[in-house]
Structure formats: structure tokens, C-alpha cells
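# Inside the fold
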Amino acid sequence: MEQEKKLTEQESLHLITMMINKAKESYHDTGIGAIMWGAVIAICSLVRLSEVHFGYKLPFDIYLLTLVAIIPQILISIREKKERKVKSYDDPYLDYIWLGFGIAIFLLIIIINNIFGEWGSWANEFKNITGKPASFRFSEYVAPLFLMLYGLPTFITGAACKFKPMLWGGIFCWICCIIAVYTPIKIDLVLTAVSAILAWLVPGVIMEKEYRSYKKEQAKLNV
Amino acid sequence: MFKDLDPILHSQLRLAVMSLLISVKEAEFTFLKEQTNATAGNLSVQIQKLKEAGYIEVIKQFKDNYPQTICRITPAGITAFEEYVKNLQTYLTNPK
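Everything in this summary refers to the structure shown in the same document. Along each chain, residues carry numbers from 1 onward, in the same order as the chain's sequence is written. Starting at A for chains and at 1 for ligands, labels are handed out in the order in which the entities are written. Confidence filtering applies because this is a predicted model: local features only for residues at pLDDT of at least 70, side-chain atom pairs given and counted only at 80 or more, and all residues used for totals across whole chains, interfaces and linings.

### As for the interface of chain A and chain B
Counting from both sides, the interface comprises 27 residues of chain A and, opposite them, 28 residues of chain B. Numbering of helices and strands runs from the N terminus, with a helix taken as a DSSP run of H or I at least four residues long and a strand as a DSSP run of E at least two residues long. Of all the elements in the fold, those that place two or more residues in the side of chain A that touches chain B are α1 (9-25), β1 (86-87) and α8 (185-221) of chain A. Broken down by element, the residue count for the side of chain A that touches chain B peaks at 10 residues, all from α1 of chain A. All residues other than Ala, Val, Leu, Ile, Met, Phe, Trp, Tyr, Cys, Pro, Asp, Glu, Lys and Arg, Gly among them, are scored as polar; the first ten of these are nonpolar and the last four charged. Here the residues of the side of chain A that touches chain B sort into 11 nonpolar, six polar and 10 charged. A residue pair is marked as a contact if its C-beta atoms, positioned from the backbone, fall within 7 Å.

Following this line, the structure appears as C-alpha cells:
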């Protein structure tokens, strides 16, 4: 590009449009975080499903895998931030939304564990008095609560980044949330696994593909 | 009545830099170089002119022991860019 080339009005407008589009296209998430979380949640749900279906129990809670996944997520975030040459106006807001989501999930786990504690003793008491097990099972309503939360940051990110796979993924989580209210726990776990795959794993793979092709294009331009 | 187009912005490379910076919060020098296909020398000179006009701010820092230059559009730069586009539209809708 020549340094002092004077432009006609049409050329100016064309240049502005071209550069604004280039800036928009330059923002690419690597998708690795989304792939990892999609896979982790899907694996956790399917392992729990097999525990329920085949009636065995692992020596540890499979959902502890989500805590372990926080470490690579931190490393991925640091690396992505270092590699990023452009900061968009949306970046800090999306970071806060996902951080808020993480905190909300953590709080929900604490609340649910407390309810289970209270409910367990109440259900035992009920059985001792009436001789029948309680017909209400709180565990049937755990998956919808998580699916409701999964949909929120996914939908916002998809809308803010104009990335339709994630936008639809968020909506899919909410549809599964409603269905899971009326289905038994086994179906709830399948719905959670499918939601994680469609909301994070698949969009993550698409993002990663786009990121790779963008990098290739940039490498070609810089040769 | 036609207003004169801002001479600082009415130049290919400077306008390209401003158009890139208007769309993002901040960008590294290397990103601007990649997107404009300009040489580092040319780009440095034009960035300095934009900085002197108060349209952009330039932050020089170190990242992993390597120098890093970050450019960010200023409120004055946003106003000048908007005014430039408005004047451009006037020229295009009412050609001389």
C-alpha cells in the first residue's frame, strides 16, 4: 500500500468497507476451549448414564473431571490472549459472561448438594412413617437446571460473535432443558451429552477449522 | 456546500489504518502491517502522523522480552473518522 496515494471518494469508501470487513474477519477463536468443554461434559454425562444403566459406581465422582479441566482451560486462555493481535470491544464482556457462568455453576453445585442432603433425610423419614418411598425425586430436576445455565453464555456468545452454530447450540440447550423436566434421569443424561456436543463440541470444531484456514491465508499473504 | 476532506485521513494507508482501528478496541502493529500489506517503515511514518494529529494513541511495551506496539483510536480519531465518512457521503450523493 502506497503511503501518500490520494484517493477518489469512491476509492475511499471502498477502502473503508474493505478494511472494516478485514478487521471483522480477523477475529478468530481457536475453538480448543469449546472442544474440550464439549467433550468433558459429554463424557461425564455418558459415564454417569452407564453407571445408572448398568448399576455400578466408579470409585470417584466422574464430574470431578470438570474441576480437572479448569487447569488446561486457564492455560488455553493465557496462550490465546498472548497470541491475539487484536482486541475487540466484545472481548472483556464475553470473558466476564463465561467467568460468571463458571461461578453460577459452582454455586448451583453447592445448592444442589445441600438440597440432596436435606431431601435425603426427609425422604428417609417419610419412608419410616408411611412405609412407602417418596414419589418425588429431586435428582430428576438436576439436569434441567444445568441445561438452563449451559444455554445462557452459549446463546449470548453466539449472538455477540454472530456465530450461528453457538447461537443454535444455546437454544438447543434450552429446548433440552424443557424436555428434561418431563423425562427420567437416563434421558436427561443423554440430553445433557447431546447438548454439550451441539452447543460446544461441534461449534468448537467449526471454529478450529476456520481458525486454521485463516492462519493458512495469513501465512500465504506474508510469504 | 462541500467541506474539504480531512487531509490526514484522505490518504490510502492512513485511511486503511483508521478503518481497521475503528472496528476494534486495539490492534498490534504487526496486525496493521499484515492487513494493509504495507512495509514496516511506511506504516511507522503514517502511524506517527496519525498520532501527531491526536487520532490514535500508540503504546509501546514489552511482551515476552520482545518490543510490542499497540495502536488504539482516540475519541478525537473517532469524531474525525465519522466526519470524514459524512463528508464523503455528501460528495457521493451530490457529485460536483
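### What about helix α1 (residues 12-23) of chain B?
For a helix, the expected span equals 1.5 Å multiplied by the number of residues minus one. Between the first and last C-alpha of α1 of chain B there are 17 Å, a value that for 12 residues agrees with the 16 Å anticipated at 1.5 Å per step. Residue burial is a threshold on neighbouring C-beta atoms within 10 Å of the residue's own C-beta, all placed from the backbone, with 20 or more meaning buried, 12 or fewer meaning exposed, and counts in between meaning partly exposed. The set of residues buried in α1 of chain B consists of Gln12, Leu13, Arg14, Leu15, Ala16, Val17, Met18, Ser19, Leu20 and Leu21 of chain B.

### Concerning the environment of serine 50 of chain A
Residue and element names in this part refer to chain A. With respect to the secondary-structure elements, serine 50 resides in helix α2 (residues 32-54). Residue classification places serine 50 among the partly exposed positions, given that 14 C-beta atoms sit within 10 Å. Considered as a pair, serine 50 and leucine 189 are 139 residues apart in the sequence and their alpha carbons are 9.7 Å apart.

### So, the environment of glutamate 25 of chain A
All names here are of chain A. The topology assignment puts glutamate 25 in helix α1. A tally of 12 C-beta atoms within 10 Å means that glutamate 25 is categorised as exposed. The spatial distance from the C-alpha of glutamate 25 to the C-alpha of tyrosine 214 is 8.7 Å, given a sequence separation of 189 residues.

### As for the sheet that holds β1 of chain A
Here a strand pair is declared whenever DSSP counts at least two bridges between the two strands. As summarised here, the arrangement of the four strands in space is β1(A)-β1(B)-β3(B)-β2(B), forming an open sheet in which the pairing is antiparallel. The outermost strands of the open sheet, each flanked by one partner alone, are β1 of chain A together with β2 (56-63) of chain B. Across two bridges, the pairing between strand β1 (residues 26-28) of chain B and strand β3 (residues 66-73) of chain B is antiparallel. Looking at the pairing, alanine 27 of chain B lines up with cysteine 71 of chain B of β3 of chain B. Along the sheet, α1 of chain B makes contact with β1, β2 and β3 of chain B, crossing β3 of chain B at roughly 85°. Here an angle of 0 to 180 degrees is reported between the N-to-C directions of two axes, which are lines fitted to C-alpha atoms, with helices fitted over the stretch in contact.

### Regarding the environment of isoleucine 103 of chain A
All names here are of chain A. Mapped onto the fold, isoleucine 103 is located in helix α5 (residues 91-130). On the basis of neighbour count, isoleucine 103 is assigned to the exposed category, with 10 C-beta atoms found within 10 Å. C-alpha separation for the pair isoleucine 103 and glycine 131, spaced 28 residues apart in sequence, amounts to 40 Å.

### A closer look at unusual backbone geometry
Backbone geometry follows two general trends: most residues other than glycine have a negative phi, and most peptide bonds adopt the trans configuration. Even without being glycine, lysine 162 of chain A reaches a positive phi, approximately 50°. Look at lysine 162 of chain A and you get exposed, because 9 C-beta atoms sit within 10 Å. The phi torsion at asparagine 37 of chain B lies on the positive side, around 55°, for a residue other than glycine. Summarising the element assignment, asparagine 37 of chain B is placed in the loop between α2 (29-36) and α3 (40-52). Asparagine 37 of chain B gets classed as exposed once you count the C-beta atoms within 10 Å, which come to 12.

### Some thoughts on the packing of α1 of chain B against α2 of chain B
All names here are of chain B. Two numbers describe how α1 lies on α2: the axes approach to 10 Å, and their chain directions differ by 120°. Between α1 and α2, the crossing angle belongs to the class labelled oblique. By crossing handedness, the relation of α1 to α2 is classed as right-handed. Taking contact as the criterion, the partners of Leu13, Ala16, Val17 and Leu20 in α1 are, on α2, Leu32, Gln35 and Thr36. Counted by class, the contact of α1 with α2 contains five nonpolar, two polar and no charged residues. Small angles under 35 degrees read as roughly parallel and large ones over 145 as roughly antiparallel, with 65 to 115 read as roughly perpendicular and the rest as oblique. In this scheme the crossing of two helices becomes right-handed for a clockwise turn of the near helix relative to the far one and left-handed for an anticlockwise turn of less than a right angle.

### Description of the packing of helix α6 (residues 142-160) of chain A against helix α7 (residues 164-182) of chain A
Residue and element names in this part refer to chain A. Viewed as axis vectors pointing N to C, α6 and α7 meet at an angle of 160°, and their least axial separation amounts to 7 Å. The angle between α6 and α7 places the two elements in the roughly antiparallel class. Remark: the crossing between α6 and α7 carries left-handed chirality. Residue-level inspection shows Ala143, Pro144, Leu147, Met148, Tyr150, Gly151, Thr154, Phe155, Thr157, Gly158 and Ala159 of α6 in contact with α7, the latter providing Lys164, Met166, Leu167, Gly169, Gly170, Ile171, Cys173, Trp174, Cys176, Cys177, Ala180 and Val181. Residue composition of the contact of α6 with α7, by class: 16 nonpolar, six polar and one charged.

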